[in-house]
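Chain and residue survey
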Amino acid sequence: MMTEENPATTYTVTVPPGKTGCRLDKFLADQLPDLSRTRIKALIEEGQVSLGEKTLLDPSLKVQEAQVMNLQVPPAQAAIPQPQSIPLDIVYEDDDVIVIDKPAGLVVHPAPGSPDGTLVNALLGHARDTGGGGLSGIGGVERPGIVHRLDKGTSGLMVVAKNDAAHHLLSKQFADRSIERAYYALVWGIPKPTQGEISGNIGRSSGNRKKMAVVKAGGKTALTRFKVLKSYAGAISLVECRLATGRTHQIRVHMAWLGHPVVADPLYGGGGKAQRRGLNAELLEEIETIDHQVLHAKLLGFKPKEGKEPLHFESKLPIYFKNLIEKLGRA
């Protein structure tokens, strides 16, 4: 429902020279990279695109130079997540925070394509089943208590706020970079030098709206510190990454930009032929079976409450990650 507090977003786009004859849905998708072509096609068919007083309903319509299109995007209707009894690996819990060890494959909060079965659903179910209190409402109905997140394919430690005071304090620590976070990743090749800093602004990729990229202009500042812990057969390295900032896909983007993408990363690359030559067929076959980046949030430290000492947690590597390291060690 559109209200004065939650209005539709209107985009006005003029067809520039050279775009005559382009399909309407493709043209708008190229001009509005935050909206997918599938989403734009649906909006056209719903009557949300107009040319003057005329509503355009055909996504395949060919646009003409100097035409001015108006696109209305209705506000998202946030679904209220329902509690679900989903097992959680709870590392720590008190009246203010809950620390969980998230498995790879678990989505953090509801989103298109993942309306339930998320960490938020699991946390609400845990609160219901244990009577352990609620979650901070600052994140809204879709993201209660969520102060930071891990990608679906990334495993490891996350802290969630159970009340607004804890949410404010944790958010402040993320903002002033006093949160301690360290990740372990397997990356292709051996970074040279073997430790250092990667500082490149991260923004939306101009070539693929699902990807982030290091950008020359715009974006947000991002800093990752890395250290090679061990290398295997000259093909893969175990790297510790520490975040000074928390941008979307930061480690994955920065390591790929450095030329050493995270192993099995489905979005940012999986390594070149030269790097793979050092591994036997069995190892390569096993890597091919992994459907997510080999990246784990291993260390987490934060202050849970004013006046309290910081808490520090360390997570064991997932079994698949540990087994892969052992096999690499024998390669």
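Please refer to the structure placed before this passage.
Residues numbered from 1 in each chain as written. Predicted model: local features only at pLDDT ≥ 70, side-chain atom pairs only at ≥ 80, totals over all residues. Heavy atoms only, no water.

Quick look at the overall build of the chain now. Broken down by element type, the chain carries eight helices and 15 strands. Once local pairs closer than 6 in sequence are excluded, the contacts in the chain between residues at least 24 apart make up 67%. For the chain, the computed accessible surface area is about 17,000 Å², with 50% contributed by carbon and sulfur atoms. Here the chain carries 41 positive and 35 negative side-chain charges, and the mean point of each set is 7 Å from the other. (Helix = DSSP H or I, 4+ residues; strand = E, 2+ residues; numbered from the N terminus. Contact = heavy atoms within 4.5 Å. Areas by Shrake-Rupley, 256 points an atom, 1.4 Å probe, with all protein chains shown as cover. Lys, Arg positive; Asp, Glu negative; His and termini not counted. Charge placed at Lys NZ, Arg CZ, Asp CG, Glu CD.)

Let us look at the packing of aromatic side chains. Between two aromatic rings, the relevant description is the distance of the centres plus the angle of the planes. In this structure the tally under the stated criterion is three aromatic pairs. Measuring from centroid to centroid gives 5.5 Å for Tyr92 and Phe313, while their planes differ by 45 degrees, and the two rings are tilted. Separated by 221 residues along the polypeptide, Tyr92 in strand 5 (residues 90–93) and Phe313 in strand 15 (residues 311–314) bring together distant segments of the chain. Following the ring pairs from residue to residue traces out a cluster consisting of Tyr92, Phe302 and Phe313. The ring of Tyr184 carries the charged tip of Lys298 above its face, separated from the ring centre by 5.2 Å. (Phe/Tyr/Trp six-rings, centres within 6.5 Å; stacked < 30°, edge-to-face > 60°. Lys NZ or Arg CZ within 6 Å of the ring centre and 35° of its normal.)

Once that is clear, we can look at the packing of helix 1 (residues 24–31) against helix 2 (residues 37–45). For the pair helix 1 and helix 2, interaxial distance at closest approach is 9 Å and the crossing angle is 125 degrees. With respect to each other, helix 1 and helix 2 are oriented oblique. Crossing hand, helix 1 versus helix 2: right-handed. Contacts from Leu24, Asp25, Lys26, Leu28 and Ala29 of helix 1 reach helix 2 at Arg37, Ile40, Lys41 and Ile44. Grouping the amino acids of the contact of helix 1 with helix 2 by side-chain chemistry returns five nonpolar, no polar and four charged. (Axes fitted to C-alpha atoms, helices over the stretch in contact; angles between N-to-C directions. Parallel < 35°, antiparallel > 145°, perpendicular 65-115°, else oblique. Left-handed = near helix turned anticlockwise from the far one by under 90°. Nonpolar A, V, L, I, M, F, W, Y, C, P; charged D, E, K, R; others polar.)

This part is about the nonpolar core. In terms of nonpolar packing, the biggest core is built from 26 residues, with Leu119, Leu123, Tyr183 and Ile251 touching the most fellow members. Where this core is concerned, the elements lending two or more residues are strand 6 (97–102), helix 3 (119–130), strand 7 (155–161), strand 8 (180–188), strand 12 (223–232), strand 13 (236–243), helix 5 (250–257) and strand 14 (295–302). (Core = buried A, V, L, I, M, F, W, Y, C linked by side-chain atoms within 4.5 Å. Buried < 20%, exposed > 50% of the residue type's maximum accessible area, 1.4 Å probe, protein only.)

By the element assignment, Ala264 lies in the loop between helix 5 and helix 6 (273–276). For Ala264, a relative accessible area of 15% puts it in the buried group. C-alpha of Ala264 to C-alpha of Asn323: the two residues are 59 residues apart in sequence and 15 Å apart in space. Ignoring any residue separated from it by four or fewer positions in sequence, one finds Ala264 in contact with Trp188, Ile287, Ile290, His292, Gln293 and Val294.

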